[in-house]
Amino acid sequence: MLHVTINGNPCEAPEGSTILHALRAHAIEVPTLCHDDRLHPTGACRLCVVAIEGWDRFASACNTPLLDGMKIETHSPPVEDARRTLLRLLAADYPATVVESDQPFHHWLRHYGVTATGDESHPHFTDTTHPYLRVDMARCISCFRCVRICDELQGQFVWRTWNRGDATRILPNRSGSLLESDCVSCGACADTCPTGAIDDRPVPDHGMLEKWTRTTCPYCGTGCEMLVGTRGNGIVDIKPVMDAPVNKGHLCSKGRYAFGFNQSPDRVREPMIREGSEWRAVTWKQANEFVASRLRGILDTHGPQSIGMLGSARGTNEENYVAQKFARVVLGTNNIDCCARVCHAPTAVAMKRMLGPGAATNSFDDIEHAASFLICGCNPTEAHPIVGARIKQAVLGGAKMVVIDPRATELARYADVHLALRPGTNVPLLNALAHVILAESLTDHASLKKRVRGYREFEKFVRAWTPERAAASCGVDAEDIRTAARIYATAAPAMAFHGLGMTEHVQGTEGVMALVNLALLTGNFGKPGSGVNPLRGQNNVQGSAHMGCEPGHLTGFIPIELGRDAFTTAWSSPLPATPGLNLMEMMDAAERSELKALWAIGYDVSFTNPDAIRTHGALGGLDFVVVQDLFFNELAREFGHVFLPAASPFEKDGTFMNSERRVQRVRRAVAAPGHALPDWEIVCAVARAMGHGRAFAFHSAEEIWNEIRGVWKAGQGITYDRLEHGGLQWPCPDEAHPGTKILHVDSFAGSKTAPLQCIDFRQPTEASAPDYPFLLTTGRTLYQFNAGTMTMRTPNRELRGTDTLDISPADAARLGIGEGEIIRATSRHGVAELPLHIDDRIKGGELFATFHASATGVNHLTGQGRDKQAMTPEYKIVAVRIEKREGGTGNG
């Protein structure tokens, strides 16, 4: 510890502290205008100056290291005079008519009795075109925090400094508005600005906020923590949590701004029952009795296998636990699944088979420890923006990066090598990387000897997968494959991230296995900055499957037969003996008229399932469909018989589990509208109506969590009390355990060694042909989220209002089609119409489309190809032809 004297009082501070750190630790406040804890300190504004005995000048506290024995004065008359003088210089050009109480600069003007004397007559940049941000550079004091936070935190480089001296101006990097710039609407510049020059647009008619509630973001699987500001029963503002381990004081446009759905006027507030073509509002008692009666009748007539249930990746761990318990205890079926089936089920199967846990091996904090990255089939800066920003900052700081993606994504622009493979050829490419690693002796020999088995068989198998052979299948240069392999194997530690571009293929599971092979060969596991790390798509898709919303696994992802005795005892109820159906098998069974009923919680399978025509045919044959959601979705409108209104993540308590196995608290910030209820309360009420009240006599989310801890050994140490101080990563077997940041340090599940897998290539079910010359792949965009249920009800519509069909400039020119024209795309499975976007990130012969808008119907194009092991649909490749719709134009 360092021992110093501050204002005559002895104080202690840790080694490596700045003076400002020491002052804050002892509750001594000094003004700071250029400082932000998220940024490298510069001392530019000089307002935090202090006097140090023996120094002939004042020192800026924010960037001056604390030294042992220092004697510091923070508020002596000379120091205060210096601050007052500096503030007068800043205030001389600041508009006299603008003094707002919530801005730090205004606070310090009032504190030091300084009056702003500037005017707004000189030309300055203003921008009111952005749906979330407003800019008035008459208020700018050139602290440069907006410039630095955009550079150092987000890595977008939007705000630029122009000219010098008194002529200095801060403007976006492209002329015109923020909307025309490279801005990604993360709001970090508004969050850091101390004057209001860049500020959030206020939420209309809500006034000043009254309360902040700490919770976890309801969007992607990154698990960012946020502060939700409320007034009355409305959300007014959202800010990032500064000390959050995942997002570290940062949020993306969705997390920070896209909360308007919560107050959308079309939220369903009462239970509803369909009568003919009309919906009638009913009481909860009526709804519960109706659902219970219909389910009992189907059970009596057709048996437990005739009913399926779907948990929700948007629901909490507690709610998903209750849903799967209901399926198994009340309905007597293992027909329970969730949307992990259509995204990362192949990851869970592959990693469980090879490593043990089917989850990320490392933590997001390993990003800053990695020397290189292998980014496979994921687009983090759009789909997981905070993770993407952290990776980008690491690469800007010197880390190497290989990107495997058909498109030239944003991270591909920063990559040392971009392997723009043909869709569906992940396996040959990864095998070729392994070939190079072995052929050039780039393996970690010590790790191979101690921790890996099956080497000789694998080495023999992979000899045939030369870069030249793979290049012919993948459409990439063989030398680029060699360069990529060398980077991953030699720039250690190397961290791999993968997404749905790896898993949503007929060889999704095998593709992930091939990726794990690379980590095993190079020793990139069990240490900081390494590992194989899936980026999970939704806020709790990791948790929903892990809680047991999976036909073959119970809570903790324990195979049913291994957990049968323990769960039978814990639940005082036998578990169903018949193997359960997953989502895709449920649709097959519905087609055969074997599945009679479906209860879908927060999951619009009508809109999101592939091969929409076939899906709709299956759903249309069901006798009874229960829809539980925030809004009337496509499933409810077309096929629902009863609608149960649910509370949003902002309206309930519980936990989410993010991509890095971190369990974090979800806290209620506002009350649910009307009679909407948390999902767990709805399910428990139906259980009571069906005579199983004792097994579902929960009174709080925490009570459910404690039951979860009782059946999940790896989570027994994660209590609500401990989560009050921050999230914990499983395994966490007892309350003294700190959680596990890195898996496989000393061993794999049940073994010291992990097996290499020989994975041969199978052609995708979809291939281009003269009648279908283009290969289409689908994916996310930055401003929309999955089915658009939430984001399409926010001003994000102004940033991205529709799906587009993206095409290369050369193909657009060859076909004579232009930006914004409505294009009809036809596959072997159906037709969709959507506006054209000409995009130089797309290769010739390939197309890309997002899937967020119900009007475009992109899933009418996707087919029935499935991964054979996980049965995940082949969303990432479909052959299509395209043509201009006569008279069709769109906004693009």
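Bear in mind that the values here come from a model prediction, so they are computed numbers and not experimental data. (Residues numbered from 1 in each chain as written. Predicted model: local features only at pLDDT ≥ 70, side-chain atom pairs only at ≥ 80, totals over all residues. Heavy atoms only, no water.)

### What to know about the nonpolar core
Heads up, the condition is: By nonpolar core is meant a set of buried Ala, Val, Leu, Ile, Met, Phe, Trp, Tyr and Cys residues that side-chain atoms within 4.5 Å join together. Three labels apply to residues, based on accessible area from a 1.4 Å probe with only protein chains included: buried if under 20% of the type maximum, exposed if over 50%, partly exposed otherwise in between. Numbering of helices and strands starts at the N terminus; helices are DSSP runs of H or I of at least 4 residues and strands are runs of E of at least 2. Note on contacts: a residue pair qualifies if any of its non-hydrogen atoms lie within 4.5 Å across the two residues.
Counting 143 residues, the largest nonpolar core has Trp159, Leu295, Met309, Phe326 and Trp599 as the members making the most contacts within it. The greatest single-element share of this core, amounting to eight residues, is contributed by helix H8 (residues 317–331). In contact with Trp159, other than residues within four places in its own chain, are Phe125, Val135, Met137, Cys146, Val147, Cys150, Ile170, Leu171, Pro172, Leu178, Cys189 and Ile198. If you look at the next biggest cluster of nonpolar residues, it comprises 55 residues, including Val427, Leu438, Val476 and Phe748.

### Description of the pattern of salt bridges
For the record, the criterion: For this document, the term salt bridge refers to a Lys or Arg side-chain nitrogen within 4 Å of an Asp or Glu carboxyl oxygen.
Counted under the stated rule, the structure contains 57 salt bridges. Each of Asp36, Arg38, Arg145, Asp191, Asp200, Asp237, Lys239 and Arg256 takes part in one network of salt bridges that share partners.

### Some details on the sheet that holds strand E29 (residues 654–657)
Think of a sheet as strands paired side by side through backbone hydrogen bonds, with each pair either parallel or antiparallel. Cut-off, in case you're wondering: Here, strands pair whenever DSSP counts at least two bridges between them. Axis lines are fitted through C-alpha atoms, for helices just across the contact stretch, and the angle between N-to-C directions can take any value from 0 to 180 degrees.
One open sheet accounts for three strands, arranged E29-E30-E31; its pairing is antiparallel. Whereas interior strands pair on both sides, the edge strands pair on one side only; in this sheet they are E29 and strand E31 (728–729). Bridge analysis of strand E30 (residues 662–666) against E31 gives two bridges, and the strand direction is antiparallel. Note on E31: the bridge partner recorded for Val663 is Leu728. The sheet strands contacting H8 are E29 and E30, and the helix crosses E29 at an angle near 90°.

### Side note on the packing of H8 against helix H26 (residues 679–689)
Filter applied, for reference: Working definition: roughly parallel below 35 degrees, roughly antiparallel above 145 degrees, roughly perpendicular at 65 to 115 degrees, and oblique for all remaining angles. Left-handed describes a crossing whose near helix is turned anticlockwise from the far helix by less than a right angle; the clockwise case is right-handed. The residue classification treats Ala, Val, Leu, Ile, Met, Phe, Trp, Tyr, Cys and Pro as nonpolar and Asp, Glu, Lys and Arg as charged. All others, Gly included, are polar.
At a minimum axis distance of 8 Å, the contact between H8 and H26 shows a crossing angle of 20°. Considering their axes alone, H8 and H26 lie roughly parallel with respect to each other. H26 is crossed by H8, and the crossing has left-handed handedness. Judged by residue contacts, Glu319, Val322, Phe326 and Val330 of H8 engage Asp679, Trp680, Val683, Cys684, Val686 and Ala687 from H26. Of the residues assigned to the contact of H8 with H26, the class counts are eight nonpolar, no polar and two charged.

### Things to note about helix H15 (residues 455–462)
Which entries qualify depends on this criterion: By construction, the arc corresponds to the directions joining the helix axis to the C-beta atoms.
Of the residues making up H15, those classed as buried are Phe458, Phe461 and Val462. Along the long axis of H15, the arc covered by the buried residues comes to 85°, so they all point the same way. Exposed and oriented more than 90 degrees from the buried face of H15 are Arg456 and Lys460. Buried residues in H15 make contact with helix H13 (426–439) and helix H19 (508–522).

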